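Structural overview
For reference, the chains in residue letters:
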Amino acid sequence: MSSDSIKSLQQKLFRGAEDTNGIQQAESRDPGLTIQIPKAELAPPAPKPPPKTSKTVPGDLKIQENGSTKSYRQRLSESLGVDYHGVEKYRLLQDENRERHWKRWGPYLSDRQWATVREDYSDNGDAWSHFPHEHSRSRAYRWGEDGIGGISDSHQRLCFSLALWNEQDSILKERLFGVTGHQGNHGEDVKEIYYYLDSTPTHSYMKFLYKYPQRSYPYEELVNENIHRDRNVEEYEILDTNVFDDDRYWDVFMEYAKDEDDPDNVYVRITSYNRGPDPATLHIIPQLWFRNTWSWPAQKPPMPSLSAAATDDDISYIKVKHPEMGGNFLCCLPSPPPMGPDGKFVGDEDAVIKPDLLFTENNTNFRRLYGGMNQSVCVKDAFHDHIIPSHRPQRRRSDSQGTDGSSTPRPAVSTPTCEAPSQEFSFVSPKKCGTKSAAHYIFRDVPGRGGCAVVRLKLTPLSPNKDRSLEDEGAFDDVVEERREEANEFYSSLLFGPISDDLKQVMRQALGGMLWTKQFYYFVQKEWIEGDPAQPPPPPGRQHIRNKHWRHMHIEDILSMPDKWEYPFFAAWDTAFHCIPLAVVDPVFAKKQLDILTREWYMKPDGQIPAYEWNFSDVNPPVHAWATFRVFKIERKLTGREDIPFLERVFQKLLLNFTWWVNRKDSGGNNVFEGGFLGLDNIGIFNRSEPLPTGGNLRQADGTAWMAFYCLNMLNIALELAKHNVVYEDIASKFFEHFIFIADAMTYKSGDDESSLWNEEDGMYYDAIEFGPMNSVQLPVRSLVSLIPLYATLVLEPAVINRFPGFKKRMEWFIDNRPEISGRNMANMRTGGRGERRLLALASKERLIRILEKMLDEDEFFSEYGIRSLSKLHKEKPWGMQVNGDWHEVGYWPGESHSGMFGGNSNWRGPIWLAVNFLLIESLQRFYQYYGDELQVECPTGSGDYMNLVEVAEEIQHRIIHIFGRDMEGKRATNGGNVKLDQDPHFRDYVSFYEFFHGDTGRGLGASHQTGWTGLVAYHILQSGVSCRLPKTPRTPRSLVNHYFDETIDLQSEHGGDTQSLYSAISALELNTLGNISPDAL
């Protein structure tokens, strides 16, 4: 490479301005989300060369560039005119119409494949022990792949991710480490610091940050300290060790960008900052490999291959051949030398750092793990042996343990050094070919306090010798920056009103994290349970451990994960909540997630929806119908389209699921439902998934309420479908009647054989144990079980009732002819509310008020950060009972769980969970649609401040937002008072989205990257971020009615004419507090 070319590269690469904290000053709409490389005092960048001509756009328009320096965004806008709604939305439309496969490449690698149920072939079902972290670098995976900040194609045939080495660790850092369910004092937990910073829905731009210590990673310390702590002590985290002291770590940013009009060209930029005080050396080792598909079948399939090559300009690249993919190339560009924070290069500024291309096979190292014979000379962990001398096996094997817990002995080397392996044996392929590859870059003496090193690669189907972007690396960077600007445009289009920069950042990271936590999930039950022909048969008893009744299951899809490390598997009710914020950015993907769980290769023939891989037969709350209709309406609001086929297809399958619930979970036929733990893990005094130690049957207030909620959502969908097919009127009537019977059975005694789940003295709903006729006992635990009955709420508009005469006639007949039920529980059907609406709800006005008194009491449920899962009353007054000599008790635990129930890694005895709070907020909004300003409640209880129910809903939203937003002192509640996370300029702008939150302090708990349902905070910010005050500041009383509901908006109703939505509160909510997100407004 010539000196002029090098300087041109430097000018392009190091051209940004950095502030004193090492963070780029971004536009106000995108604070803290842009990385920047320190600026060198060089000449201005050269003009951008003319890009290629684009492909066809709608209307057969061509975007001709003709040497123009206009961005793709500008050119597309000029070409589409009034039809232009943003580049990313245009790409989404292309992908939906199958004009371009924009989602072929995405963040589909898992963060953890080791120790998953799918990789467990043990005889006891102990997945944690059967495939531990110590095996993961040496043992081929059967069902998927993992990596750090990685991507793959949508079938995970070809994978790319990052590996690093600091010349201190005994192994390469190529996957995220954490303690297992056996090692953690609160179950499994990742012990790394990383952030999903940004992603567009098509993954045309993505950004990821990993913080890599410069000291030796404390694997043993983290395991030993956590394993010796009991459940009453906080977990031992990596920031509790000394590895980040003096800021001796690397900030490693990974950015992905796709070509403006070609989704198969993926640009990768890896920028690493030395945050420590001294110069340090970093090995950056991007890896490209194939998922192992050849070690399992009896007949070996055609083999894919990776091989080394170079362009005429001596740019190294990896040639990819796969029988199902065609050809691809990973171009590994030479890098400039490291640059210091002063803008000066280390060493000769004309020098370049070229990668060493390494190759091996993605095959298990049987010799290292089991002392057996390898199937190939080169194996999966070859790069560890090649780069790290202390990792290489000894000539004589012993039974001693290595520093990372593996069975391979280690010599006494205090500081590993990188040196070439002996000429006697090469751990990597001397022929430069294989099924796993890496580009090994070494950056020595990177200056401290902001010095940086950059690696740039491109994955492309184009011949490297013909790819002009490889000739001008500055043009490479321009592509990345253009995609980032298009991401800015996309997220700006979602905002409505003056939301603070901090909340914009929280919202964007939440949505970006949800898009990053997509994962390729592969599972074929028959093959998994029987074993593979080319492998030893699994133990016979394994067939009876779990999931043996799900033989129809065949999954090979991109699914939304709760957390790609702690929960790298789908969970049915998590998925439903994921789809609400996902629908705002990508309705098509959200619909597919809901649709696919009801397809015949997921749902059992009897109608049961699979829960999660540890036990597909467990029962999650039935929220699928609710999520389906919400996503349907969000898409209609965003695009103006009604996807009736989607709604009808899912509804038909849910009829099967509803029948399964009725047949399997209402054992007595009394419309009082059991259900097991219903996603609430340890909320009960007993494990609700097991037979009661007391004997008898558990009658669950939440199980019955969930079914009432299910009924109303099915009724809602049926009336929507009845607009297009009158047959659905009859089905709506069926669900109306079923709801009334459930409501009656739950809230009133009907003869001597049934008991009420309502406690008149306490004014709460409780679970009850039924031992027989007239022999039952309530369990007076004030928990979410008492609040979930509020979910079952539906407002019927008078125009809706009049539009469907068959439904109206059946409803009126039922009221007139079943007075023993309707007279008790149907008063609201006879008495019109605001606007002559009718209300279907489990809770009458009197019961609603009594429940809200406790729910809004800050000494019970109402925390500064949302609604607690258990009343704080039980801190001083735990409730328990003696059974067979054992004491069982429920007490208030606002933080982590103190018991091992369900693994002990989640807690529903006090913390705040966003998913259940979300449904409470929506219920209050629906109640307001019926009661209006007539119903005012004290909020908080005892404060003297009265609000209508929509104001209460917004107050809860604001308190939830306060978990994540900065307060007046710059602190975030979720950080738990950690000064480094709150104040350090290289931490404070980044937010972790935990699984649940401390009931008193808002500190994040559980899985630390669960942007699954915790991503709902983005939806709250979009709805009410405009009016959200700073945390820990007084609320300004004001009327918010018009902010939420504007009845003068003249839009077509969901049920035709000029009526409002059946879920009228939600319809108005979407129109206003989400911003006017109609196509015209966007």
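The following refers to the structure shown. (Residues numbered from 1 in each chain as written. Predicted model: local features only at pLDDT ≥ 70, side-chain atom pairs only at ≥ 80, totals over all residues. Heavy atoms only, no water.)

Let's talk about the environment of T435
Cut-off, in case you're wondering: Helix numbers and strand numbers start at the N terminus; a helix is a DSSP run of H or I with at least 4 residues, a strand a run of E with at least 2. In this description, contact between two residues means that some pair of their heavy atoms is separated by no more than 4.5 Å. We call two N or O atoms a polar contact when they sit within 3.5 Å, provided that within protein one can donate a hydrogen and the other can accept it, with sequence-adjacent residues counted only if both atoms are side-chain atoms.
Tracing the sequence through the fold places T435 in the loop between strand 15 (433–434) and strand 16 (436–446). Through-space distance from the C-alpha of T435 to that of R291 is 8.5 Å; in sequence the pair is 144 residues apart. Ignoring sequence-local partners within four residues, the contact set of T435 consists of W289, F290, W294, M303, P304, L306, T360, E361 and N362. Within the structure, the side chain of T435 is placed 2.8 Å from the backbone nitrogen of N362, a separation counted as a polar contact.

Observations concerning the environment of I284
Assignment of secondary structure puts I284 in strand 10 (residues 280–290). Ignoring sequence-local partners within four residues, the contact set of I284 consists of L162, A163, L164, I270, S272, A439, H440, Y441, F443 and V455.

Some points on the sheet that holds strand 20 (residues 697–699)
Two modes of strand pairing occur in sheets, parallel and antiparallel, and in both the strands are linked by backbone hydrogen bonds. Note the threshold: One bridge is not enough; two strands pair if DSSP finds at least two bridges between them. Note on geometry: axes are C-alpha line fits, over the in-contact stretch for helices, and angles between N-to-C directions span 0 to 180 degrees.
If you trace the three strands from one edge of the open sheet to the other, you get 20-23-24, paired in antiparallel fashion. Looking at which strands have only one partner, the edges of the open sheet turn out to be strand 20 and strand 24 (775–779). Strand-to-strand twist across the sheet, computed as the mean angle between neighbouring axes with direction ignored, equals 25°. Across five bridges, the pairing between strand 23 (residues 767–772) and strand 24 is antiparallel. Paired with A768 across the two strands is Q778, which belongs to strand 24.

So, empty space enclosed by the protein
For the record, the criterion: Every definition here rests on a 1 Å grid over the protein atoms only: cavities are sets of points where a 1.4 Å probe fits but cannot get out, pockets are open sets enclosed by protein on both sides within 12 Å along at least five of seven lines, and lining residues have some atom within 4 Å of a point. Grid points are joined across faces, edges and corners, and a volume is the space filled by probe spheres set on the points. Classification used: nonpolar for Ala, Val, Leu, Ile, Met, Phe, Trp, Tyr, Cys and Pro, charged for Asp, Glu, Lys and Arg, polar for all others including Gly.
According to the stated counting rule, one finds twelve cavities of 30 Å³ or more in the structure shown. Lining of the largest cavity is provided by 17 residues; of these, A572, I609, N620, P621 and P622 occupy positions nearest its centre. Elements represented by at least two residues in the lining of the largest cavity include exactly helix 12 (572–585) and helix 15 (644–665). The element that contributes the greatest number of residues to the lining of the largest cavity is helix 15, accounting for three residues. Along the lines of polarity and charge, the residues of the lining of the largest cavity split into twelve nonpolar, four polar and one charged.

Some points on helix 3 (residues 87–96)
Heads up, the condition is: Working definition: with a 1.4 Å probe on protein chains only, accessible area under 20% of the residue-type maximum means buried, over 50% means exposed, and in between means partly exposed.
The buried fraction of helix 3 is high, at seven of ten residues. Among the residues of helix 3, V87, E88, Y90, R91, L92, Q94 and D95 are the ones counted as buried. Residues of helix 3 that are buried sit in contact with helix 2 (72–80), strand 8 (249–259), helix 9 (473–492) and helix 12. Just past helix 3, the residue R98 takes up positive phi, approximately 60°.

What to know about the packing of helix 12 against helix 28 (residues 1016–1024)
For clarity, the cut-off: Comment on the angle field: the value is read as roughly parallel under 35 degrees, roughly antiparallel over 145, roughly perpendicular from 65 to 115, and oblique elsewhere. The sense of a crossing depends on the near helix, which, turned anticlockwise from the far helix by less than a right angle, makes the crossing left-handed and, turned clockwise, makes it right-handed.
Viewed as axis vectors pointing N to C, helix 12 and helix 28 meet at an angle of 50°, and their least axial separation amounts to 8 Å. Judged by the inter-axis angle, helix 12 sits oblique to helix 28. The handedness of the crossing between helix 12 and helix 28 is left-handed. Facing helix 12, whose interface residues are F577, I580, P581 and V584, helix 28 presents L1016, Y1019 and L1022. Considering only residue class, the contact of helix 12 with helix 28 consists of seven nonpolar, no polar and no charged.

Focus on the sheet that holds strand 7 (residues 205–213)
A sheet is described by the order of its strands in space; here nine strands give the open sequence 6-7-8-9-17-13-12-11-15, paired in antiparallel fashion. Each edge of the open sheet carries a strand with a single partner, namely strand 6 (194–199) and strand 15. With four bridges connecting them, strand 13 (residues 326–332) and strand 17 (residues 451–460) associate as antiparallel partners. Looking across to strand 17, one finds that L330 is bridged to L459. Packed onto the sheet, helix 10 (residues 501–516) meets strand 6, strand 7 and strand 8 and runs at close to 95° relative to strand 6.

Quick word on helix 26 (residues 949–961)
At 3.6 residues per turn, the α-helix brings residues three or four places apart onto the same side. Inclusion rule: Expected helix span is computed as 1.5 Å times (number of residues minus one).
When the terminal C-alpha atoms of helix 26 are compared, their 19 Å separation across 13 residues agrees well with the 18 Å that a helix rising 1.5 Å per residue should span. Of all 13 residues that make up helix 26, 13 are buried, and the element is covered over most of its length. Two or three places before V950, at the opening of helix 26, N948 has a side-chain oxygen 3.1 Å from that residue's backbone nitrogen.

A closer look at unusual backbone geometry
Looking along the chain, the bond that leaves C939 and enters P940 is cis, with omega of -5°. You can see P940 is positioned in the loop between strand 31 (936–938) and strand 32 (946–948). Here the phi dihedral of H203 falls at roughly 60°; this positive angle occurs in a residue that is not glycine. Topologically, H203 is positioned in the loop between strand 6 and strand 7. Its relative accessible area of 1% is what places H203 among the buried residues. We note that N547 has phi near 65°; this positive angle belongs to a residue other than glycine. Mapped onto the elements of the fold, N547 is located in the loop between helix 11 (525–530) and strand 19 (554–560). Given the relative accessible area of 6%, N547 is considered buried.

Nothing here speaks to function; it is all geometry.
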